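Residue-level structural notes
Given next are the chains, with one letter for each unit.
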Amino acid sequence: MVPNLRILIVDANQVRAAIIEEGLREAGYQQLVHLSATTGLAAAIEVHDPDVVVIDLEDPSRDALADMFLVSRHVRRPITMFVDQSDSASIEAAVEAGVSAYIVDGLKKERMQAILQTCISRFNAFRKLREELDEARSQLEDRKTIDRAKAIVMRLKGLSEDEAYALMRRTAMNEKRKLVDIARSLITAAEMLK
C-alpha cells in the first residue's frame, strides 16, 4: 500500500471521523481531508482530488445511496463506505452505486489499512473489467460498421465478400487510415447518395 495516498474522509460524526483518521494515520497515511457532509461531494472530490474516498454514513438513506451513485459515476475513485446497519437492498444499492467496500458494523481503527487495500484492489479489478468490456463493445461496433460498409461495396461493385474486404483493406493501407474509418466514410457517402 502506498502511504502517500490522498484520502477524503466524509463523516458528520466527529467521534467516528476521529476513529477513521486515527486508524489511517497509524497505518501511515498522512494526506487526509475531512468533510462533515455529503452535500457537494462531487465538487469536493474535484477540488481535493483524492485517491480514495472513505464515507461513514452510519445508517445510509436511499437519498445518500443515490448521491453515491452519481458521485461514483462522475469521479471514478475507490469508495469505502462504513455503516452501522444495513439490509440486502442497501448493500445492493451501494454496490450498484460503485462503492468498492461496504463495511457493516466494522468501524475499527485497526482494520483501516486492510479495508483500504481491499477497497482499492476491488476498484482496480472492476475498472479493468469495465475497460475490457468497453474495448469489446468498441470492437463489436467497429466490426458491425465494417460489415455494413462491406455490404455496400459488394452491392455497388458486384464483388464477393472477400473481394470487398480486400479492397477496403487496401484502401485503408494506401491512405494510412484505419479500416473502420474507411468503412465509416463509405457508409456516410452511401447515405448521402441515396
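The text that follows walks through the structure, step by step, so that each part is easy to find. (Residues numbered from 1 in each chain as written. Predicted model: local features only at pLDDT ≥ 70, side-chain atom pairs only at ≥ 80, totals over all residues. Heavy atoms only, no water.)

Moving on, we come to the overall build of the chain. Along the backbone of the chain there are 7 helices and 5 strands. Its C-alpha radius of gyration of 25 Å places the chain more than 25% over the 16 Å reference for a compact globule of 194 residues. If you line up the chain on its principal axes, its C-alpha atoms span 75 × 35 × 25 Å. Across the chain, every contact between residues at least 6 apart in sequence was considered, and the portion connecting residues at least 24 apart equals 64%. With the model as given, the accessible surface of the chain reaches about 11,400 Å², and the carbon-plus-sulfur share is 52%. Seen as two clouds, the 28 positive and the 31 negative side-chain charges of the chain have centres 10 Å apart. (Helix = DSSP H or I, 4+ residues; strand = E, 2+ residues; numbered from the N terminus. Rg over C-alpha atoms; globule rule 2.2 N^0.38 Å. Contact = heavy atoms within 4.5 Å. Areas by Shrake-Rupley, 256 points an atom, 1.4 Å probe, with all protein chains shown as cover. Lys, Arg positive; Asp, Glu negative; His and termini not counted. Charge placed at Lys NZ, Arg CZ, Asp CG, Glu CD.)

Another point: helix α7 (residues 179-192). The terminal C-alpha atoms of α7, which comprises 14 residues, lie 20 Å apart, in line with the 20 Å expected from a rise of 1.5 Å per residue. Buried residues in α7 make contact with α5 (112-157) and α6 (161-174). (Expected span 1.5 Å × (residues − 1).)

This part is about the pairing of strand β4 (residues 79-83). Among the 5 residues of β4, 5 are classified as buried, and the element is accordingly described as predominantly covered. Burial along β4 is two-sided: I79, M81 and V83 and T80 and F82, pointing in opposite directions, are all buried. Judged from the 4 bridges that link them, β4 and strand β5 (residues 101-104) form a sheet pairing that is parallel. Bridge pairing in β5 places T80 opposite A101. The parallel pair β4 and β5 is bridged by helix α4 (residues 88-96), and the resulting crossover is right-handed. (Buried < 20%, exposed > 50% of the residue type's maximum accessible area, 1.4 Å probe, protein only. Pairing = 2+ DSSP bridges. Right-handed = clockwise from strand over helix to strand, strands pointing away.)

To continue, consider a nonpolar patch on the surface. Together, I91, V95 and V104 give the surface a local cluster of nonpolar side chains, amounting to about 200 Å² of exposed area. Structurally, V95 is set in helix α4. (Patch = residues over 30% accessible without salt bridge, like charges linked within 9 Å, V, L, I, M, F, W, Y side chains within 5 Å. Salt bridge = Lys/Arg side-chain N within 4 Å of Asp/Glu carboxyl O.)

So, about the pairing of strand β2 (residues 31-35). Bridge count between strand β1 (residues 6-11) and β2: 5 bridges; the pairing is parallel. Its bridge partner being in β2, I9 is matched across the sheet by H34.

Membership of the largest hydrophobic core comes to 19 residues, with the highest contact counts inside it found for I7, I20, L24, Y29, V54, F82 and L116. Secondary-structure elements contributing two or more residues to this core are β1, α1 (14-26), β3 (52-58), β5 and α5. With 5 residues, the top contributor of residues to this core is α5. If near-sequence neighbours (up to four positions away) are discounted, I7 is found in contact with L24, Y29, Q31, L32, V33, P50, V52, V54 and L116. L8, L41, V75 and V83 belong to the second-largest nonpolar core, a separate cluster that totals 17 residues. (Core = buried A, V, L, I, M, F, W, Y, C linked by side-chain atoms within 4.5 Å.)

Buried within helix α2 (residues 41-48) are the following residues: L41, A44 and I45. Taken down its axis, α2 places every buried residue within 100 degrees of arc, on the same side. Of the residues in α2, the exposed ones pointing more than 90 degrees away from the buried face are E46 and V47. A positive phi of about 45 degrees marks D49, the residue just after α2. (Arc of directions from axis to C-beta.)

In this section: the packing of α6 against α7. At their nearest, the axes of α6 and α7 sit 8 Å apart, and the two run at 110 degrees to each other. The angle between the axes of α6 and α7 places the two elements in the roughly perpendicular class. As for the relative orientation of α6 and α7, their crossing is right-handed in sense. Between α6, through Y165, M168, R169, T171 and A172, and α7, the contact on the second element is made entirely by L179, I182, A183 and L186. Considered class by class, the residues forming the contact of α6 with α7 number 7 nonpolar, 1 polar and 1 charged. (Axes fitted to C-alpha atoms, helices over the stretch in contact; angles between N-to-C directions. Parallel < 35°, antiparallel > 145°, perpendicular 65-115°, else oblique. Left-handed = near helix turned anticlockwise from the far one by under 90°. Nonpolar A, V, L, I, M, F, W, Y, C, P; charged D, E, K, R; others polar.)

That is the geometry; function is a separate question.
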